[in-house]
Every structure is written in C-alpha cells, then in structure tokens.
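Residue-level structural notes
Okay, here's what each chain looks like letter by letter:
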Amino acid sequence: MTESAQGTDGPVAHTWRPARFMVIAAHPDDADFGPAATAALWIDAGSEGWLVCCTSGDQGGEDPDMDPLELAAIR
C-alpha cells in the first residue's frame, strides 16, 4: 500500500463513490451475495444504482417440483 492509502495507524477506508453504477448478475439473487452492501451504502450516499439480471430466475432452485414461474417470482 502507498503511504496515502495506508495512513500512520493502518489502512484507511477510502471515501470515493461513483455518481452512477451498474451491478450485472447472472441470476436475480446473485447480487445479494456480493456487491449488495457496497451498493446499498453508495445508494444511501446519493449514487444512482442499476441492477441488471441476465436471466429470468426461473431455473436453479432447490425444489425440483416448483413451478418455474413461481420460482422466478420469488427470486
């Protein structure tokens, strides 16, 4: 780390945030496991955020008997 990022008492959190950002995920709930906290902080601070899901979420559930349209609505 550089001197400016390290500080004298250890690492220091940066204050940079984008004005706009986009999270791209394969499935509707994938963003919940990675960037969700950072996205929420940025949105609370005034950033404009977009979530792009590349699938409808109708596949990949644990219950093989669940209707795909019901799974998509839940996800």
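It should be noted that the structure appears before, not after, this text.
Residues numbered from 1 in each chain as written. Predicted model: local features only at pLDDT ≥ 70, side-chain atom pairs only at ≥ 80, totals over all residues. Heavy atoms only, no water.

Time to look at the overall build of the chain. For the chain, the helix and strand inventory stands at three helices and two strands. The order of helices and strands in the chain, counted from the N terminus, is α-β-α-β-α. Expected size for 75 residues packed as a compact globule is a radius of gyration near 11 Å; at 18 Å, the chain overshoots this value by more than 25%. Counting only C-alpha atoms and orienting by the principal axes, one finds that the chain spans roughly 60 × 25 × 15 Å. For the chain, with 75 residues in total, the buried portion stands at 15%. Long-range pairs, those at least 24 residues apart, make up 58% of the contacts in the chain between residues at least 6 apart in sequence. Of the roughly 5900 Å² of accessible surface on the chain, a fraction of 58% belongs to carbon and sulfur atoms. (Helix = DSSP H or I, 4+ residues; strand = E, 2+ residues; numbered from the N terminus. Rg over C-alpha atoms; globule rule 2.2 N^0.38 Å. Buried < 20%, exposed > 50% of the residue type's maximum accessible area, 1.4 Å probe, protein only. Contact = heavy atoms within 4.5 Å. Areas by Shrake-Rupley, 256 points an atom, 1.4 Å probe, with all protein chains shown as cover.)

Turning to its location among the elements, Asp58 is positioned in the loop between β2 (48–53) and α3 (68–74). The contacts of Asp58, once residues within four sequence positions are left out, are Pro68, Leu71 and Ala72.

Another point: a nonpolar patch on the surface. A cluster of nonpolar residues, Met22, Ile24, Trp50 and Val52, forms a patch on the protein surface that exposes about 430 Å² of accessible area. With respect to the helices, strands and loops of the structure, Val52 is situated in strand β2. (Patch = residues over 30% accessible without salt bridge, like charges linked within 9 Å, V, L, I, M, F, W, Y side chains within 5 Å. Salt bridge = Lys/Arg side-chain N within 4 Å of Asp/Glu carboxyl O.)

Here we come to the state of the cysteines. Scanning all chains against the criterion turns up zero disulfides. Lacking any disulfide linkage, Cys53 is separated from the closest cysteine sulfur, that of Cys54, by 7.5 Å. Judged by its relative accessible area of 32%, Cys53 falls in the partly exposed class. Under the relative-accessibility criterion, Cys54 is labelled exposed at 54%. (Disulfide = S-S within 2.5 Å.)

No statement about biological role is implied by the geometric values presented.
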